[in-house]
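Residue-level structural notes
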Amino acid sequence: MNDDKNYYIQLNSKVEKMLKTSEFLGSGHNGIVYLLPNNRVIKIFKNKKVCQGEYNIFVKTRKSKYFPKVYEHGPYYIVRDFASGKRLDKYIKKNGINKKISLNIIKLIEEFSKLKFNRLDIRCKDLYLMDDFSINVIDPKNNYSKIVIYPRHLMKGLNNLGVIDEFLSVVQVERPKTYELWNFRFKQYLEENIK
Ligand SMILES: Nc1ncnc2c1ncn2[C@@H]1O[C@H](COP(=O)(O)OP(=O)(O)O)[C@@H](O)[C@H]1O
Ligand SMILES: [Mg+2]
């Protein structure tokens, strides 16, 4: 019992120490994220299970360049790399999309397949775009628990930003087979949701 208590006190003071030299970055449904001095961030979770779930995803993605490196974690926190780029949706809203970004989105979903994710989808706002147009995932969710066979949410975001046709034209040229599935499913989804 006593050992347990000490363990938590130790972790809390460690987190407290980290937070003293940090700067608020943002918050979401699950937690609050602070920037640490060494180009890392700490995400403090409201829920222990959500923290563990996100950590489990990072264990499986630790060799992937699309996901942040994790440095340490506790029951309620994860320390990982800061993503210095711009939020993908905000970037596209201002600058539009281009071939390189489109191709990197395709490659990201291919990476999800390689990582054996069941959910081959992610929201635009959970992707950060670097200066060289490479993409980083900041907030992975349900990648193993939900089954989604094409990036519907992602395409919905691109559709709202008015760039879905440009994106799909790159998919058509670069990955004709993938195009068949994504285009067919997405058009079907749009039709179903107009009715
Ligand atoms: N690695 C990161 N680099 C830069 N900003 C980040 C990073 N992680 C999170 N943020 C900021 O913190 C916010 C909340 O983090 P997020 O992981 O999305 O939490 P939640 O799971 O609660 O949605 C994000 O919307 C973003 O603004
Ligand atoms: Mg989020």
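Reading the values: the criteria
- Residues numbered from 1 in each chain as written.
- Chains lettered and ligands numbered in written order.
- Predicted model: local features only at pLDDT ≥ 70, side-chain atom pairs only at ≥ 80, totals over all residues.
- Heavy atoms only, no water.
- Helix = DSSP H or I, 4+ residues; strand = E, 2+ residues; numbered from the N terminus.
- Phe/Tyr/Trp six-rings, centres within 6.5 Å; stacked < 30°, edge-to-face > 60°.
- Buried < 20%, exposed > 50% of the residue type's maximum accessible area, 1.4 Å probe, protein only.
- Lys NZ or Arg CZ within 6 Å of the ring centre and 35° of its normal.
- Pairing = 2+ DSSP bridges.
- Axes fitted to C-alpha atoms, helices over the stretch in contact; angles between N-to-C directions.
- Contact = heavy atoms within 4.5 Å.
- Near = heavy atom within 4 Å.
- Polar contact = N/O pair within 3.5 Å; in protein donor to acceptor, adjacent residues only side chain to side chain.
- Areas by Shrake-Rupley, 256 points an atom, 1.4 Å probe, with all protein chains shown as cover.
- 1 Å grid on protein atoms, 1.4 Å probe; cavity = no way out; pocket = protein on both sides within 12 Å on 5 of 7 lines; lining within 4 Å.
- Sits in = over half its atoms within 2 Å of the grid points.
- Patch = residues over 30% accessible without salt bridge, like charges linked within 9 Å, V, L, I, M, F, W, Y side chains within 5 Å.
- Salt bridge = Lys/Arg side-chain N within 4 Å of Asp/Glu carboxyl O.
- Lys, Arg positive; Asp, Glu negative; His and termini not counted.
- Charge placed at Lys NZ, Arg CZ, Asp CG, Glu CD.
- Parallel < 35°, antiparallel > 145°, perpendicular 65-115°, else oblique.
- Nonpolar A, V, L, I, M, F, W, Y, C, P; charged D, E, K, R; others polar.

**Remarks on unusual backbone geometry**
Of note, asparagine 39 is a non-glycine position whose phi angle comes to about 65°, a positive value. Within the secondary structure, asparagine 39 sits in the loop between strand 2 (31-35) and strand 3 (40-45).

**Overview of the packing of aromatic side chains**
Under the criterion given, the structure shown has eight aromatic pairs. Seen in terms of ring centroids, phenylalanine 167 and tryptophan 182 are 6.3 Å apart; in terms of plane orientation they differ by 15°. Their pairing is stacked. Here phenylalanine 167 is found in helix 6 (residues 164-174), whereas its partner tryptophan 182 is found in helix 7 (residues 176-194), with 15 residues between them in sequence. Its relative accessible area of 0% is what places phenylalanine 167 among the buried residues. Its relative accessible area of 5% is what places tryptophan 182 among the buried residues. When the centroid spacing of 6.0 Å and the interplanar angle of 25° are considered together, the rings of phenylalanine 186 and tyrosine 189 count as stacked. Taken together, the positions of phenylalanine 186 and tyrosine 189, both in helix 7 and three residues apart, correspond to about one turn of that helix. Taken as a pair, phenylalanine 186 and tyrosine 189 share a single burial class, namely buried. Counting every residue linked through ring pairs, the aromatic cluster contains Phe67, Phe112, Phe117 and Tyr144. The residue whose ring lies beneath arginine 40 is tyrosine 71, and the NZ or CZ to ring-centre distance is 3.5 Å. The ring centre of tyrosine 144 lies 4.6 Å from the NZ or CZ of lysine 60, which sits over that ring.

**Points about the sheet that holds strand 3**
Note on sheets: strands pair through backbone hydrogen bonds, and any given pair is parallel or antiparallel. Across the sheet, which stays open at both edges, the five strands sit in the order 1-2-3-5-4 with antiparallel pairing between neighbours. Edge positions in the sheet fall to strand 1 (23-27) and strand 4 (70-74), since each of these pairs with one other strand and no more. For this sheet the average axis-to-axis angle between neighbouring strands, irrespective of direction, equals 20°. Where strand 3 lies against strand 5 (residues 77-81), five bridges are found, and the strand directions are antiparallel. Note that in strand 5 the partner of lysine 43 across the bridge is isoleucine 78. Where helix 2 (residues 48-60) meets the sheet, its contacts fall on strand 3, strand 4 and strand 5, and the angle it forms with strand 5 comes to roughly 35°.

**Concerning the site of ligand 1**
Lining the immediate surroundings of ligand 1 are 17 residues, of which Asn30, Gly31, Lys43, Ala83 and Asp139 lie closest. Take aspartate 81: an N or O atom from its main chain is 3.2 Å from a nitrogen atom of ligand 1. In this structure, an oxygen atom belonging to ligand 1 sits 2.9 Å away from a side-chain N or O atom of aspartate 139. When ligand 1 sits alone it has 550 Å² of accessible area, and the protein chains cover 89% of it. More than half of the atoms belonging to ligand 1 lie within 2 Å of the grid points that define the largest pocket.

**Remarks on a positive patch on the surface**
On the surface, Lys65, Lys100, Lys107 and Lys114 cluster together into a patch of positive charge. By secondary structure assignment, the location of lysine 114 is in helix 4 (residues 99-114).

**A word on the packing of helix 5 (residues 152-160) against helix 6**
Running from amino to carboxyl end, helix 5 crosses helix 6 at an angle of 130°, the nearest separation of the two axes being 7 Å. When the axis of helix 5 is compared with that of helix 6, the two are oblique. Contacts from Met155, Leu158 and Asn159 of helix 5 reach helix 6 at Ile164, Phe167 and Leu168. Classifying every residue of the contact of helix 5 with helix 6 gives five nonpolar, one polar and no charged.

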